[in-house]
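Survey of secondary and tertiary structure
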Amino acid sequence: MTIVINMRELDERKMRIAARFIREGKLVAFPTETVYGLGADALNEAAVRRIFEAKGRPPDNPLIVHIADFEQLYGLAEEIPEEAKILAEKFWPGPLTFVLPKREVVPSVTTGGLDTVAVRMPANEIALSLIRISGRAIAAPSANISGKPSPTSAEHVVDDFYGRIECIIDGGETEIGVESTVIDLTSSPPVLLRPGGLPLEEIKKVVGKVEIHPAVRGYAADTAKAPGMKYRHYAPNARVVVVEGRRERVRRKIAELIEEYRRKGFRVGVMATGGSYDADAYVNLGKSEEEIAKNLFKALRELDKKNVDIILAEGIEEKGLGLAVMNRLKKAAGYRTIMLK
Ligand code: TXA
Ligand code: MG
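Residues numbered from 1 in each chain as written. Chains lettered and ligands numbered in written order. Predicted model: local features only at pLDDT ≥ 70, side-chain atom pairs only at ≥ 80, totals over all residues. Heavy atoms only, no water.

**Things to note about the overall build of the protein chain**
Just so we agree on the cut-off: Only runs of H or I of at least four residues qualify as helices and only runs of E of at least two qualify as strands under DSSP, and these elements are numbered from the N terminus. Within these notes, the globule rule equals 2.2 Å times the number of residues to the 0.38 power, and the radius of gyration is based on C-alpha atoms. Each residue's exposure class comes from its accessible area (1.4 Å probe, protein chains only) as a fraction of the maximum for that residue type: buried when under 20%, exposed when over 50%, partly exposed otherwise. Here, residues are in contact when the closest pair of their heavy atoms is within 4.5 Å. For every accessible area listed, the method is Shrake-Rupley and the probe measures 1.4 Å; residues are considered covered only by the protein chains on display. The convention is simple: Lys and Arg are positive, Asp and Glu are negative, and His and the chain ends are not counted. Charged groups are reduced to one reference atom each: NZ for lysine, CZ for arginine, CG for aspartic acid, CD for glutamic acid.
Summing up its helical and strand segments, the protein chain has nine helices and 16 strands in all. In summary, the protein chain has a C-alpha radius of gyration of 20 Å against a globular reference of 20 Å for 341 residues, a match within 12%. For the protein chain, the spread of C-alpha atoms along the three principal axes comes to 60 × 45 × 30 Å. The buried share of the protein chain, taken over its 341 residues, is 57%. The contacts in the protein chain between residues at least 6 apart in sequence include a share of 67% that link residues at least 24 apart. For the protein chain, the exposed surface amounts to about 14,400 Å²; the carbon and sulfur share of it is 48%. Charged side chains of the protein chain number 51 positive and 48 negative; the gap between the two group centres comes to 4 Å.

**Regarding the packing of aromatic side chains**
For clarity, the cut-off: Ring pairs shown here join Phe, Tyr and Trp side chains whose ring centres sit within 6.5 Å, with only the six-membered ring taken for Trp; geometry is labelled stacked below 30 degrees between planes, edge-to-face above 60, and tilted in between.
In the structure shown here, the tally under the stated rule is five aromatic pairs. Seen from their ring centres, Phe70 and Tyr74 are 5.9 Å apart, and the 80° between their planes marks the pair as edge-to-face. Judged by centre distance (6.1 Å) and plane angle (70°), the rings of Tyr261 and Phe266 are edge-to-face. With relative accessibility at 17%, the residue Tyr261 sits in the buried group.

**Topic: the sheet that holds strand E2 (residues 28-30)**
What counts is decided by this rule: Between any two strands, pairing holds if DSSP finds at least two bridges. Here the axes come from fitting lines to C-alpha atoms, over the contacting stretch only for helices, and the angles between their N-to-C directions go from 0 to 180 degrees.
Read from one edge of the open sheet, eleven strands run E1-E8-E2-E3-E7-E4-E6-E5-E9-E10-E11, paired in mixed fashion. Of all strands in the sheet, those with a lone pairing partner are strand E1 (3-6) and strand E11 (211-212), marking the two edges. Contacts from helix H5 (residues 154-161) reach E2, strand E3 (37-41) and strand E8 (167-170) within the one sheet, and its direction differs from that of E8 by about 165°.

**Quick word on the site of ligand 1**
To keep it simple, the criterion reads: Whether a residue is near a molecule or strand depends on its heavy atoms: if one lies within 4 Å, it is near. What qualifies as a polar contact is a pair of N or O atoms within 3.5 Å, subject to a donor-acceptor requirement within protein and to the restriction that residues adjacent in sequence count only when both atoms come from side chains. The nonpolar class holds Ala, Val, Leu, Ile, Met, Phe, Trp, Tyr, Cys and Pro. Asp, Glu, Lys and Arg form the charged class, and all remaining residues, Gly among them, are polar.
In the neighbourhood of ligand 1, 26 residues make up the surrounding shell, with Thr34, Arg57, Asn61, His66 and Ser180 lying closest. Here His66 contributes a side-chain N or O atom positioned 2.6 Å from an oxygen atom of ligand 1. In the complex, the protein chains occlude 96% of the 680 Å² of accessible area that ligand 1 would expose alone. Where the shell around ligand 1 is concerned, the elements lending two or more residues are strand E4 (64-66), strand E6 (116-120) and strand E10 (191-194). A per-element tally of the shell around ligand 1 places E6 first, with three residues. Residues that form the shell around ligand 1 fall into these classes: 13 nonpolar, eight polar and five charged.

**What to know about the environment of Ser142**
Positionally, Ser142 belongs in the loop between strand E7 (138-139) and H5. Owing to a relative accessible area of 16%, Ser142 belongs among the buried residues under this scheme. For Ser142 and Tyr36, which are 106 residues apart along the polypeptide, the C-alpha to C-alpha distance reads 5.8 Å. With near-sequence residues (within four places) excluded, Ser142 lies in contact with Val35, Tyr36, Gly37, Leu38, Lys55, Ser150 and Pro151. Within the structure, Ser142 has its side chain in polar contact with the side chain of Asn144 (distance 2.6 Å).

Structure representation (structure tokens):
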């Protein structure tokens, strides 16, 4: 049975119900500023194992541990480099995750067998309150069935997990819409493992040089350090094709492809930042990087519900949040992209 707790405003009385579930080793889905998380007590091995089972997640793909106070980091990470302190000072709470050497108390199920742990402090009152009232660090991957687009509203979580987890906290739509930026601080310079809600440019302003793991741009490199990057992700049922290049040419190409696919009898959906199309379904993602990031996963889920066979997506520039958006889009497309000159 799943209890859905309506919490558009923080309510500590209701929160105690959810916090009790966490302490009992049960699963609670909750909003963060990025996407909804599927949470359990990070140090409770049996509880964490249930997250993997519920999501159908490969056991070697580690989870992010969520904290509410910087002090909690000392209980999870063995060493805390100066960079972590400086970045946390500037960006926590916020959409930035650090990978650090783990302490022994962190079970290896939580870290997918790695000797490092990923930690972040979410910028969401409900998430912070759940962590504080439960008195636990909370391991939480995105609250979607493994491989599906991440959830940006409680309805998405209900679609994937109703009846299969104990509790869902409905805190409305998430603000950012793409997951946190993951940065490995065990090497110097730090390495970007996943672009996300905090733009790389912002991190560089604070720490100077940051390397980009090749998996970020989709190269099949050694994924031992970025295990999350090797799995097909964010994939709707439809086949996604990304079209990149100069905007006008991209829109003309999309119009051509719509005709071509429809002539072959396919139902075609389009995701773009404007223009008008004669497609079976069309989602306008908005103009700014922020709007596009916020609407991306919802759009993929929406188009799936319209039973389209093909989704044609307009690519955007890989700067600011655009790097995270394109990383998700290319993964959803299984790297089927058309690059126009
Ligand atoms: O915004 C977010 O980060 C959301 C919300 C719920 O906080 N969470 C999230 O979790 O996106 P998940 O499990 O969907 O993605 C976690 C990512 C994966 O790519 C995983 O491989 C990586 O973080 N990760 C976790 N621990 C790691 C570690 N020790 N070393 C390298 N990568 C790690
Ligand atoms: Mg995920």
